[in-house]
Amino acid sequence: MSKQYKIAVIPGDGTGPEVIQEGLKVLKAAEEKFGFKLQTKTFDFGGERYLRTGEVLPDSAVKEFRRDFDAIYLGAIGHPDVKPGILERGILLKLRFDLDQYINLRPVKLYPGVETPVKNKGPEDIDYVVIRENTGGIYTGVGGFSMKGTKHEIAIQSMVYNYHQVERCLRYAFEYTRKRARKNTLALCGKTNVLTYVYDLWERVFHDLGEREYPEIKRDYYHVDATCMWMIKNPEWFDVIVTGNMFGDIITDLGAMTQGGMGIAAGGNINPEGVSMFEPIGGSAPKYAGKNIINPLAAICAAGMMLEILGEEEAARAIEGAVSQVTSTRIKSLDAGKMGYSTSQVGDMVAGAL
Ligand code: IPM
Ligand code: MN
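Residues numbered from 1 in each chain as written. Chains lettered and ligands numbered in written order. Predicted model: local features only at pLDDT ≥ 70, side-chain atom pairs only at ≥ 80, totals over all residues. Heavy atoms only, no water.

A. Molecular detail of the sheet that holds strand β9 (residues 218-223). Strand order in this open sheet of 10 strands is β2-β1-β3-β12-β11-β4-β5-β10-β8-β9, and the pairing throughout is mixed. Looking at which strands have only one partner, the edges of the open sheet turn out to be β2 (36-42) and β9. Across the sheet, the mean angle from the axis of one strand to that of its neighbour is 25 degrees, orientation sign disregarded. Across 5 bridges, the pairing between strand β1 (residues 3-12) and strand β3 (residues 71-76) is parallel. Residue pairing in the sheet places A8 in a bridge with I72 of β3. Contacting β4 (103-109), β5 (127-133), β8 (185-190), β9, β10 (240-243) and β11 (266-270), helix α5 (residues 163-180) runs over the sheet at an angle of about 165 degrees to β5. Its contacts with the sheet put helix α8 (residues 245-258) on β4, β5, β8 and β10, and the angle it makes with β5 is roughly 155 degrees. (Pairing = 2+ DSSP bridges. Helix = DSSP H or I, 4+ residues; strand = E, 2+ residues; numbered from the N terminus. Axes fitted to C-alpha atoms, helices over the stretch in contact; angles between N-to-C directions. Contact = heavy atoms within 4.5 Å.)

Set out below in C-alpha cells:
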C-alpha cells in the first residue's frame, strides 16, 4: 500500500491562495509519479475570517492539527485591514510555538538562470541553509511596560534562551550538516561581543557539542553583522548557518534577496518529533492578490521541503529539479508580473517538468 499523509492546508491571505493552488498542483503530479497519497483538508484561517467572525486561531484548531495531521501547508498571513501583529502573532507565531516547531529551515539557493543582485556570483556560490531557532529568544514576548505614556516610560523585551532550547537547535543543525554532506561546515551566527549572556551560552554549547559528538564537522563563528557582510561578499563560504530567532529572521530576508527574491524563498517550521508547517516566506503581497501574476515558486519549493521532511525524498528532489529546469529555461524574472508567464502557467510548467 502506498504511503498516505494528512495535510492541513491554510491558504490564508492575499496571494496565499493563488500560490498554494500551484503548490497543490505540483504535489498532485508528484503523488501520481512517486506513488504516495496526500489527503488534504483546507482551513480558512486568516484576515477575512478574522474580520468576519473575530476569531483568529482557536486552540481547538491547534489541537486538531496536532492530533490529526502529518503537516501543515500555509500560504500567507497578513491583511491590509487588520492591525499588524494580530494575525502574525495569532496564527503564524501561535502555530510555531504551540506545535513546538523549534526549527525554521530556510535554504538560500540560487537556482540556475536566476539573476542575483550579488555581482559575479552564481548558483555554485549561493547554496546554503539557514537554521533559525524558531520558538525562543526575543520572540517569546517576555517583557513589559512601566509608566506607559509618560516621559519616564520603560519598555523591556527580553531575549530568553535556556540550555535545552539551544542544545536541541544546535543538535539539529549538526545532524543536518552531516546529512547534507556538502562542505561539512556549520557556522554559528551570534553577537558574543555584545550579547554576552545569550550568545555566550550558544557558543559554549556549540563547541562542546561539536567537539564531543560531531568532530568531523568544521565549526565557524561569525557575529551577525559580519554574517551579513559575508553573505554578500563570500556566500560560497557557507554551508549551514545556525542562529537565534531574531537574527535568523533578519539574515534570511537578506539571503532571500541574494537568491533572486521572495518569489523563490521557502521555509519550513519544523518539529522533528511532531507536526511541521511549510510556507513561502514572502508574505501576503496584497497588491498582487487575485491577478494571477505572483510567483508561485516559493510555495512550490515549500511543498518540496514538506515532502522531504515527510520522508518522500525522491519526490522532493524531483520537485527541486523541475524548479531548476523552469528557472533555467523558461522564466524571465522571479518578480511578480515579470515572469513572462502567469502564476498558474508557472505551476503547470513545474508540474509538467516533474
Ligand atoms: C517570518 C516573518 C515573521 C517572523 C513575522 C510575520 C512574525 O517575518 O516568518 O520571517 O518574524 O518570524
Ligand atoms: Mn521575516
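Still to come is the rest of the account.
B. Geometry of the domain arrangement of the chain. Segmentation of the chain into domains returns domain 1 (1-109 + 271-354) and domain 2 (116-259). Contacts between the two partners involve 18 residues from domain 1 and, on the opposite side, 22 residues from domain 2. Summing the contributions of domain 1 and of domain 2, the shared interface buries around 2,000 Å²; its carbon and sulfur component is 55%. The largest contributions to the domain 1 side of the interface with domain 2 come from Y102, R106 and V108, which together make up 33% of the buried area. At the boundary of domain 1 with domain 2, the tally comes to 2 salt bridges. Among the salt bridges present, the one from D100 reaches R168, with a minimum N-O distance of 2.9 Å. Secondary structure elements with two or more residues in the side of domain 1 that touches domain 2: α4 (86-98) and β4. Of all the elements, β4 adds the most residues to the side of domain 1 that touches domain 2, at 7 residues. In the side of domain 1 that touches domain 2, the residues fall into 11 nonpolar, 2 polar and 5 charged. (Domains from an automatic or database assignment. Buried area = accessible area lost by both parts, 1.4 Å probe. Salt bridge = Lys/Arg side-chain N within 4 Å of Asp/Glu carboxyl O. Nonpolar A, V, L, I, M, F, W, Y, C, P; charged D, E, K, R; others polar.)

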